[in-house]
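Report on the structure
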Amino acid sequence: MHGHIKMHHAHTNVIGLGDSSVWKVPFLPRVVYLFLAPLSVPVITPLVALAHLKGHPSGVVARTVLMIVLGLYSQYWLLINVSGFRSMHGALFCMLVCRAMFSIPYIHVNIFQHIGLPMFSPTRRPKRIYQMTHGVLNLPRNPLLDWTFGHSLISCHVEHHLFPFLSDNMCLKVKPVVSKYLTEKTLPYQEETYLSRLHLFFSKYQELMVLTPPITELVGLQ
């Protein structure tokens, strides 16, 4: 949590620091990236987590591995003992499918809310309020996505970046206040639908996900 806030929040849309280029895979065609590659996320995620443990104390490594194993085994146990799965292979396949199913919107949401918005130079970044309001976008409320990923990642992402330690529920409560305040101060409060962002990324995939983004200078706001 604290690492995410220090890296991503502190350097939101700052090129080379907290920008979302980590999500870019330029060599993949747009259809593969947007609709097929995310299906591999359930397999890749534990491997990436283990790779990031390199150089950490052995206690941290052991704790992380234990939590990963415990999480996977807990779902497996529930599927076998509660949901009524009869075979190990069936339960494991269900675990893979349910994770893969939500990996597609997970990748989409993470690129939709930052990429394609103003990007800033590390040496000429704007003040925080301008950085967050220009570099973050909300998606409309969606019961399935809200329940799966939380309000902070979907419909309250602007609020989450402005107040990173607020809970999901509090982000939702302050949303009208934040929207009203930014409107009164003539600052952007960016919202766009999931389908419109998907259409944008599909039609401008080369520009958004392959080429280096242009740097934005907020002249007159500093």
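Only a predicted model underlies this, so the values are computations on that prediction, with no experimental measurement involved.

**Describing the pattern of salt bridges**
- In the structure shown here, the tally under the stated rule is three salt bridges.
- Linking arginine 141 and aspartate 146 is a salt bridge whose minimum nitrogen-to-oxygen distance equals 3.5 Å.
- A relative accessible area of 10% means that aspartate 146 is categorised as buried.

**Focus: the packing of helix H5 (residues 88-112) against helix H10 (residues 194-203)**
- Interaxial distance between H5 and H10 falls to 11 Å at its minimum, and their mutual angle equals 80°. The angle between H5 and H10 falls in the class roughly perpendicular. Two secondary-structure elements touch here, H5 through Ile104, Pro105, His108, Val109, Ile111 and Phe112 and H10 through Tyr194, Arg197, Leu198 and Phe201.
- Partitioned by chemical class, the residues of the contact of H5 with H10 number eight nonpolar, one polar and one charged.

**Some remarks on a nonpolar patch on the surface**
- A surface patch of nonpolar side chains, about 840 Å² in accessible area, is lined by Val43, Ile44, Leu47, Val48, Leu50, Val65, Val69, Phe93, Leu96 and Val97.
- Element by element, the count of residues in the nonpolar patch is highest for helix H3 (residues 41-51), at five residues.

**Brief notes about the state of the cysteines**
- Per the stated rule, a full pass over the model turns up zero disulfides.
- Free cysteine: cysteine 94, not disulfide-bonded; nearest cysteine sulfur from cysteine 98 at 5.2 Å.
- For cysteine 94, a relative accessible area of 24% translates into the label partly exposed.
- Distance from the sulfur of cysteine 171, which forms no disulfide, to the nearest cysteine sulfur (cysteine 156) is 5.8 Å.

**Side note on the packing of helix H4 (residues 58-81) against H5**
- Here H4 crosses H5 at 120°, and the two axes come no closer than 10 Å. Taken together, the axis directions place H4 and H5 in an arrangement best described as oblique. The interaxial crossing formed by H4 with H5 has right-handed handedness. Along the contact surface, H4 presents Leu72, Gln75, Tyr76, Leu79 and Ile80, while H5 presents Met88, Ala91, Leu92, Cys94, Met95, Cys98 and Arg99.
- The residue makeup of the contact of H4 with H5, split by class, is 10 nonpolar, one polar and one charged.

**Structural notes on the packing of aromatic side chains**
- Scanning the entire structure with this criterion turns up seven aromatic pairs.
- Ring plane angle 50° and centroid distance 6.5 Å describe the contact between phenylalanine 35 and phenylalanine 202, whose orientation is recorded as tilted. Pair noted here: phenylalanine 35 is in helix H2 (residues 30-36) and phenylalanine 202 is in helix H10, with a separation of 167 residues, a long-range link.
- With relative accessibility at 31%, the residue phenylalanine 35 sits in the partly exposed group.

**Overview of the confidence of the model for the protein chain**
- Residues with a pLDDT of 70 or more make up 93% of the protein chain, whose mean pLDDT is 88.
- Least confident of the elements in the protein chain is helix H1 (residues 2-9), whose mean pLDDT is 65; most confident is H10, at 96.

**Some remarks on the nonpolar core**
- Tyr33, Ile111, Phe201 and Met209 are the most contacted members of the largest nonpolar core, which has 21 residues in total.
- Setting aside chain neighbours within four positions, we find methionine 209 in contact with Trp23, Lys24, Pro26, Tyr33, Ile111, Ile115 and Phe201.
- Counting residues in each nonpolar core, the second largest holds 10 residues, with Tyr130, Met132, Val178 and Leu182 among its members.

How each quantity is defined
Residues numbered from 1 in each chain as written. Predicted model: local features only at pLDDT ≥ 70, side-chain atom pairs only at ≥ 80, totals over all residues. Heavy atoms only, no water. Salt bridge = Lys/Arg side-chain N within 4 Å of Asp/Glu carboxyl O. Buried < 20%, exposed > 50% of the residue type's maximum accessible area, 1.4 Å probe, protein only. Axes fitted to C-alpha atoms, helices over the stretch in contact; angles between N-to-C directions. Helix = DSSP H or I, 4+ residues; strand = E, 2+ residues; numbered from the N terminus. Parallel < 35°, antiparallel > 145°, perpendicular 65-115°, else oblique. Contact = heavy atoms within 4.5 Å. Nonpolar A, V, L, I, M, F, W, Y, C, P; charged D, E, K, R; others polar. Patch = residues over 30% accessible without salt bridge, like charges linked within 9 Å, V, L, I, M, F, W, Y side chains within 5 Å. Areas by Shrake-Rupley, 256 points an atom, 1.4 Å probe, with all protein chains shown as cover. Disulfide = S-S within 2.5 Å. Left-handed = near helix turned anticlockwise from the far one by under 90°. Phe/Tyr/Trp six-rings, centres within 6.5 Å; stacked < 30°, edge-to-face > 60°. pLDDT = per-residue confidence, 0-100. Core = buried A, V, L, I, M, F, W, Y, C linked by side-chain atoms within 4.5 Å.

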